[in-house]
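Coordinate inspection notes
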Amino acid sequence: MGEYTVTRNTTIAALPDRIYPLLVDLHEWQRWSPWEDLDPDLHRDYSGADSGVGAKYAWSGNRKAGKGTMEVIEVTEPTRVAVAVAFEKPMSSTSTSVFTMAPRGAQTEVTWTMTGPHSMFSRITAPLGLFDRMIGKDFEKGLAALKSVAEVSGGQRE
């Protein structure tokens, strides 16, 4: 058990070219990320490219939000975005989140998959299904928000 994987998906009534900008531009994550409401005073720092490969985001917040960094490491426009995530607090961990978008007529199936090396916490909780349920719940919340943003506002900032 060297690595874990958590996957969730949803169908969004929008084409990939409407969803892709919400994923590839880390500034847009404030509109849908399941973790944005964990700390109203969250400190955010953007660097690198404006969007796409090399775009970076660092955050620091309360105990719930923790501290860490994200960087877009791979893109295939408009169907795939990979993001490297490194947590410093509350515990140290690294992972890669990959978003894939598969058109299905006028809709798109969006899949969010996170993989990473097991930490002591995930090594203990993964066999019980607790790790998948805990992280999966956040993914489901984030995908529901992404769906809402992409469908209601057409993905455009209001």
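Heads up: the structure comes first, above all this text.
Bear in mind the structure is a predicted one, so any value in this text is a computation, not a measurement. (Residues numbered from 1 in each chain as written. Predicted model: local features only at pLDDT ≥ 70, side-chain atom pairs only at ≥ 80, totals over all residues. Heavy atoms only, no water.)

Our focus in this paragraph is the overall build of the chain. Scanning the chain for helices and strands turns up three helices and seven strands. Counting across all 158 residues of the chain, residues that qualify as buried make up 39%. Within the chain, counting contacts between residues at least 6 apart in sequence, those at least 24 apart form 51% of the total. Summed over all atoms, the accessible surface of the chain reaches about 8,400 Å², with 53% contributed by carbon and sulfur. (Helix = DSSP H or I, 4+ residues; strand = E, 2+ residues; numbered from the N terminus. Buried < 20%, exposed > 50% of the residue type's maximum accessible area, 1.4 Å probe, protein only. Contact = heavy atoms within 4.5 Å. Areas by Shrake-Rupley, 256 points an atom, 1.4 Å probe, with all protein chains shown as cover.)

Looking now at the packing of aromatic side chains. Going through the model one piece at a time under the given rule, you end up with eleven aromatic pairs. Each ring, one from W32 and one from F99, has its centre 5.9 Å from the other, and the planes form 85 degrees; the classification is edge-to-face. Remark: F99 occurs in strand β6 (residues 93–104) and W32 occurs in the loop between α1 (16–24) and β2 (43–48); sequence separation between them is 67 residues. Ring pairing ties together the aromatic residues W29, W32, W35, F99, W112 and F139, which thus form one cluster. (Phe/Tyr/Trp six-rings, centres within 6.5 Å; stacked < 30°, edge-to-face > 60°.)

This next bit is on the sheet that holds β6. Sheet strands pair by backbone hydrogen bonding; their relative direction is either parallel or antiparallel. Sheet architecture is open: seven strands sit in the order β1-β7-β6-β5-β4-β3-β2, paired in antiparallel fashion. One side of each edge strand has no neighbouring strand; the edge strands of this open sheet are β1 (3–12) and β2. Across this sheet, the average inter-strand angle for adjacent strands is 20 degrees, counted without regard to direction. With five bridges joining them, strand β3 (residues 55–60) and strand β4 (residues 67–76) adopt antiparallel strand pairing. Residue pairing across strands places K56 opposite E71, the latter belonging to β4. (Pairing = 2+ DSSP bridges. Axes fitted to C-alpha atoms, helices over the stretch in contact; angles between N-to-C directions.)

Right, let's get into the nonpolar core. I19, L23, W32, M70 and L146 are the most contacted members of the largest nonpolar core, which totals 34 residues. Those elements that place two or more of their residues in this core are β1, α1, β3, β4, β5 (80–89), β6, β7 (107–117) and α3 (130–152). Among the elements that make up this core, the one with the highest residue count is α3 (seven residues). Sequence-distant contacts of L23, defined by excluding residues within four places in its chain, comprise W29, W32, V81, F99, M101 and L146. (Core = buried A, V, L, I, M, F, W, Y, C linked by side-chain atoms within 4.5 Å.)

With that out of the way, let us pick up the pattern of salt bridges. Proximity of charged atoms lets side chains of opposite charge pair with each other. By the definition in use, this model includes nine salt bridges. With its nearest N and O atoms 3.0 Å apart, the salt bridge here joins K141 to D37. Taken together, the residues span a long stretch of sequence, with K141 in helix α3 and D37 in the loop between α1 and β2 at a distance of 104 residues. Residue classification places K141 among the partly exposed positions, given a relative accessible area of 40%. Residue D37 is classed as exposed on the basis of its relative accessible area of 54%. Ionic pairing is found between E151 and K147, a salt bridge with its closest N-O pair at 3.1 Å. Here E151 and its partner K147 are both found in helix α3, four residues apart, which amounts to about one turn of the helix. According to the relative accessible area criterion, E151 is partly exposed, its value standing at 31%. Members of the salt-bridge network, linked through shared partners, are R8, D132 and E140. (Salt bridge = Lys/Arg side-chain N within 4 Å of Asp/Glu carboxyl O.)

On to the side chain of T111, then. Looking at where T111 falls in the secondary structure, it is placed in strand β7. Taking relative accessible area as the criterion, T111 reaches 16% and is therefore assigned buried. With residues near it in sequence (within four places) discarded, T111 still touches T7, R8, N9, V98, F99 and T100.

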